[in-house]
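Examination of the molecular architecture
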Amino acid sequence: MATHTLATPADLSSTQTRVFKNFIDGEWVESSTGQTFENRNPADTRDLVGIFQKSNRADVNTAVDAAKRAFAKWRLVPAPRRAEIVFRAAEILIERKEDYARDMTREMGKVLAETRGDVQEAIDAAYYNAGEGRRLFGPTVPSEMPNKFAMAVRQPIGVCGMITPWNFPMAISSWKLLPAVVCGNACVVKPAQDTPLSTFNLVRALTDAGLPKGVINIVTGFGAEVGTPLAEHPDVRAVSLTGSSAVGKIIGGIAAQSFKHCSLELGGKNPMIVLDDANLDLAIEGALWGAFGTTGQRCTATSRIILQKRIYAEFVERLVDRAKKLKVGNGLDETVQMGPAINQKQLETDLEYVEIGKNEGAKLVCGGHRLDKGDYQYGWFMEPTVFIDVDRKMRIAQEEIFGPVVSIIPCDGMEDAVEIANGIEYGLSSAIYTKDVNKAFAAIRDLYAGITYVNAPTIGAEVHLPFGGTKATGNGHREGGIGAIEFYTEWKSVYVDYSDKLQKAQIDRED
Ligand code: NAD
């Protein structure tokens, strides 16, 4: 392996191949394993983005100890002061937006317009959570007894462990870390092994904004070696995972053993219903963006399109025509519209589902192949893929693929469409295209999902609304907005008796 320079806070923006240590207690620390792993560009695997520490339980223990020490002081910093640091981080992220977006496109492949959006989401989350530092409202209520005062205050939980996925590498880290630190917690984050750099960039902005040492610690590595010990650590009082439902089950089980707070944001199989009165131009535009944006690698990706029969043929013809024209390639090229799969394994999964769909009897009308000629040979590319005449029970209509493969399902009308939409194990996002306001509101009521869009595709969440889903998509918590503040605080009810006598609640009564 070539010689690499070791990254310190001062040289993180250098263009040399960077070797990243763990970030623990404000210091750059090598893993006790002495091992590292490579982060390569999925659009061009000749491009080595960085070398990261392949950490283990001992590294997690060191990081949690540091977080615990930091928490003792950080919890006493007034929340508005904590929030000011997060606000300053937003301003720093704005200055570095272009650099960080380019880093992200190199490490995970999505096109620059989208990685700029990912950094922007972290900026939005920083402004939102900075504002929350001056609220953190709690109820003040009258006591049932005279000369007694009653209120509830939010308190931080302690050390929080965050485990993130690779598809929104900065945005999702920001959804977890920013509300957690504004609420007064200290954190240990394990970024996805495919995209650790963007978490480093976010934490760099926070550190430069004045975040004290140890309040956020980064330990890089793999799920079983770092994620599991982090979730198991007795001093970690809250665990937040965004990832697959399979890993969610593991983390949820671990957290339950020691009564940790646990937030799980998991998979999706998101439906877009298009009724026959819809604006078809708009619906096709939305379907293309929802299905093939981020190469279909969004938890909210539009992976099922449910079409009323009268518009079926026209919609399919026009969507396929547009999908075939999408430019696939390296996201650093501003003209490219769809990047690669994140890695070889994901590409293999995508191609495997193409075979599954064909074997189940669905009709492949667009794409379905790997792209591996010319410059494509260095990356994990495939064609935008459309299946039609998909039966609602087929595996390609039921299972999360997480690639640029969309299933089109015919339906008989509104009621049938909602039944198909709800007939899966997930419940993250959903969409309906119609000009009929009555049907739109009925869909808002009846689609059993955490998010419903009307006349927009299933993707495009904003940071100040609750984000998450029903059924196998999670365990009932929400990120974004006030949901995150709920997760990262615990209530303490406070009673102040200024009567100078013993008053007994529920007992001291006249009647
Ligand atoms: P993943 O479940 O494979 O990994 C997520 C994280 O968990 C990674 O950091 C990984 O290293 C870690 N991990 C893996 N195995 C672990 C284990 N045994 N113990 C502890 N940690 C472990 O998911 P991914 O491939 O990174 O991301 C794609 C998945 O994430 C999709 O299912 C997608 O729908 C979901 N996702 C959900 C949301 C949401 O908010 N609902 C957002 C984005 C992605």
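Criteria and thresholds
- Residues numbered from 1 in each chain as written.
- Predicted model: local features only at pLDDT ≥ 70, side-chain atom pairs only at ≥ 80, totals over all residues.
- Heavy atoms only, no water.
- Helix = DSSP H or I, 4+ residues; strand = E, 2+ residues; numbered from the N terminus.
- Rg over C-alpha atoms; globule rule 2.2 N^0.38 Å.
- Buried < 20%, exposed > 50% of the residue type's maximum accessible area, 1.4 Å probe, protein only.
- Contact = heavy atoms within 4.5 Å.
- Areas by Shrake-Rupley, 256 points an atom, 1.4 Å probe, with all protein chains shown as cover.
- Near = heavy atom within 4 Å.
- Polar contact = N/O pair within 3.5 Å; in protein donor to acceptor, adjacent residues only side chain to side chain.
- 1 Å grid on protein atoms, 1.4 Å probe; cavity = no way out; pocket = protein on both sides within 12 Å on 5 of 7 lines; lining within 4 Å.
- Sits in = over half its atoms within 2 Å of the grid points.
- Nonpolar A, V, L, I, M, F, W, Y, C, P; charged D, E, K, R; others polar.
- Axes fitted to C-alpha atoms, helices over the stretch in contact; angles between N-to-C directions.
- Parallel < 35°, antiparallel > 145°, perpendicular 65-115°, else oblique.
- Left-handed = near helix turned anticlockwise from the far one by under 90°.
- Points joined across faces, edges and corners; volume = space filled by probe spheres on them.
- Phe/Tyr/Trp six-rings, centres within 6.5 Å; stacked < 30°, edge-to-face > 60°.
- Lys NZ or Arg CZ within 6 Å of the ring centre and 35° of its normal.
- Core = buried A, V, L, I, M, F, W, Y, C linked by side-chain atoms within 4.5 Å.
- Domains from an automatic or database assignment.
- Buried area = accessible area lost by both parts, 1.4 Å probe.
- Salt bridge = Lys/Arg side-chain N within 4 Å of Asp/Glu carboxyl O.
- Pairing = 2+ DSSP bridges.
- Right-handed = clockwise from strand over helix to strand, strands pointing away.

1. Side note on the overall build of the protein chain
Check the secondary structure of the protein chain and you find 14 helices and 25 strands. For 511 residues, the compact-globule formula gives about 24 Å, and the C-alpha radius of gyration of the protein chain, at 24 Å, lands near that figure. Taken along its principal axes, the extent of the C-alpha atoms in the protein chain is 80 × 75 × 40 Å. Counting every position in the protein chain, which comprises 511 residues, the buried fraction comes to 57%. Pairs at least 24 residues apart make up 73% of the contacts formed inside the protein chain by residues separated by at least 6 positions. Only carbon and sulfur atoms are counted for the fraction: they give 52% of the accessible area of the protein chain, which is about 21,200 Å².

2. Quick look at the site of the ligand
Looking at the ligand, there are 28 residues lining it, with T164, Q193, S244, L266 and E400 nearest. W166 is positioned such that a nitrogen or oxygen atom in its side chain is 2.9 Å from an oxygen atom of the ligand. One nitrogen or oxygen atom from the main chain of G243 is found 3.3 Å from an oxygen atom belonging to the ligand. In the complex, 88% of the free accessible area of the ligand, which totals 840 Å², lies under the protein chains. When atoms are counted within 2 Å of each cavity's grid points, the one that captures over half of the ligand is the largest pocket. Here the shell around the ligand is built from residues that sort into 14 nonpolar, 11 polar and 3 charged.

3. As for the packing of helix α8 (residues 280-292) against helix α9 (residues 309-324)
Following both chains from N to C, one finds α8 and α9 inclined at 50 degrees, their axes separated by 10 Å at the closest point. In this view, α8 runs oblique relative to α9, as classed from their interaxial angle. Considering only the axes of α8 and α9, their crossing is right-handed. Between α8 and α9, the residues in contact are L280, D281, A283, I284, E285, A287, L288 and F292 and I311, E314, F315, R318, L319, R322 and A323, respectively. Looking at the contact of α8 with α9 residue by residue, the class counts come to 10 nonpolar, no polar and 5 charged.

4. Notes on empty space enclosed by the protein
Considering all chains together, one arrives at 5 cavities of 30 Å³ or more under this definition. Of the pockets and cavities examined, the largest cavity occupies roughly 80 Å³. Across the lining of the largest cavity, the residue classes break down as 6 nonpolar, 6 polar and 3 charged.

5. Some remarks on the packing of aromatic side chains
Going through the model one piece at a time under the given rule, you end up with 12 aromatic pairs. Counting every residue linked through ring pairs, the aromatic cluster contains F20, F23, W28, F37, F52, F200 and F222. Its end group placed over the ring of F168, K110 keeps NZ or CZ at 3.7 Å from the ring centre.

6. As for the nonpolar core
Counting 103 residues, the largest nonpolar core has I216, V274 and F315 as the members making the most contacts within it. Looking at which element gives the most residues to this core, the answer is helix α2 (residues 79-108), with 12 residues. Structurally, this core is a two-domain feature, drawing no fewer than three residues from each of domain 1 (55-266 + 474-493) and domain 2 (270-454). Beyond its immediate chain neighbours, meaning those up to four positions away, V274 contacts L280, A283, I305, I306, L307, Q308, I311, F315 and Y433.

7. What about the domain arrangement of the protein chain?
For the protein chain, the assigned domains read domain 1 (55-266 + 474-493) and domain 2 (270-454). The C-alpha-based centres of domain 1 and domain 2 are spaced at 31 Å. If you look at the interface, domain 1 gives 19 residues, while domain 2 gives 20 residues. It is V111, E114 and W166 in domain 1 that bury the most area against domain 2; as a group they hold 32% of the surface buried on that side. At the junction of domain 1 with domain 2, the criterion picks out 2 salt bridges.

8. Points about the pairing of strand β10 (residues 186-190)
Taking burial as the measure, the 5 residues of β10 include 5 buried ones, the bulk of the element. Here β10 shows two buried faces, one formed by A186, V188 and K190 and the other by C187 and V189. Strand direction decides the pairing type here: strand β9 (residues 159-163) and β10, joined by 5 bridges, are parallel. Of the residues in β10, the one forming a bridge with G161 is V188. At this point the chain moves from β9, through helix α4 (residues 171-182), to the parallel β10, and the crossover so formed is right-handed. Inspection of the sheet shows β10 paired to strand β11 (residues 216-218) by 3 bridges, in the parallel sense. What sits directly across from V188, in β11, is N217. Viewed along the sheet, the connection from β10 through helix α5 (residues 196-208) into β11 turns out right-handed.

9. Comments concerning the sheet that holds strand β23 (residues 451-454)
Here 7 strands make up an open sheet; going across it, the order is β16-β19-β20-β15-β14-β22-β23 and the pairing mixed. Edge positions in the sheet fall to β16 (363-366) and β23, since each has one partner strand and no second. Geometrically, the sheet is characterised by an average inter-axis angle of 25 degrees between neighbouring strands, direction not taken into account. Relative to strand β19 (residues 385-388), helix α10 (residues 344-360) is tilted by about 20 degrees, and along the sheet it contacts β16, β19 and β20 (405-411).

10. Overview of the pairing of strand β12 (residues 236-242)
Burial within β12 is extensive, with 6 of its 7 residues counted as buried. Sheet analysis places β9 next to β12, joined by 5 bridges and oriented parallel. By the bridge assignment for β12, C160 is matched with A238. Looking at chain direction, β12 and strand β13 (residues 261-265) are connected through 5 bridges and run parallel. Bridge pairing in β13 links T242 to E265.

11. Brief notes about the packing of α2 against helix α3 (residues 112-132)
Between α2 and α3, whose axes approach to 8 Å, the crossing angle comes to 175 degrees. Accordingly, the angle class assigned to the pair α2 and α3 is roughly antiparallel.

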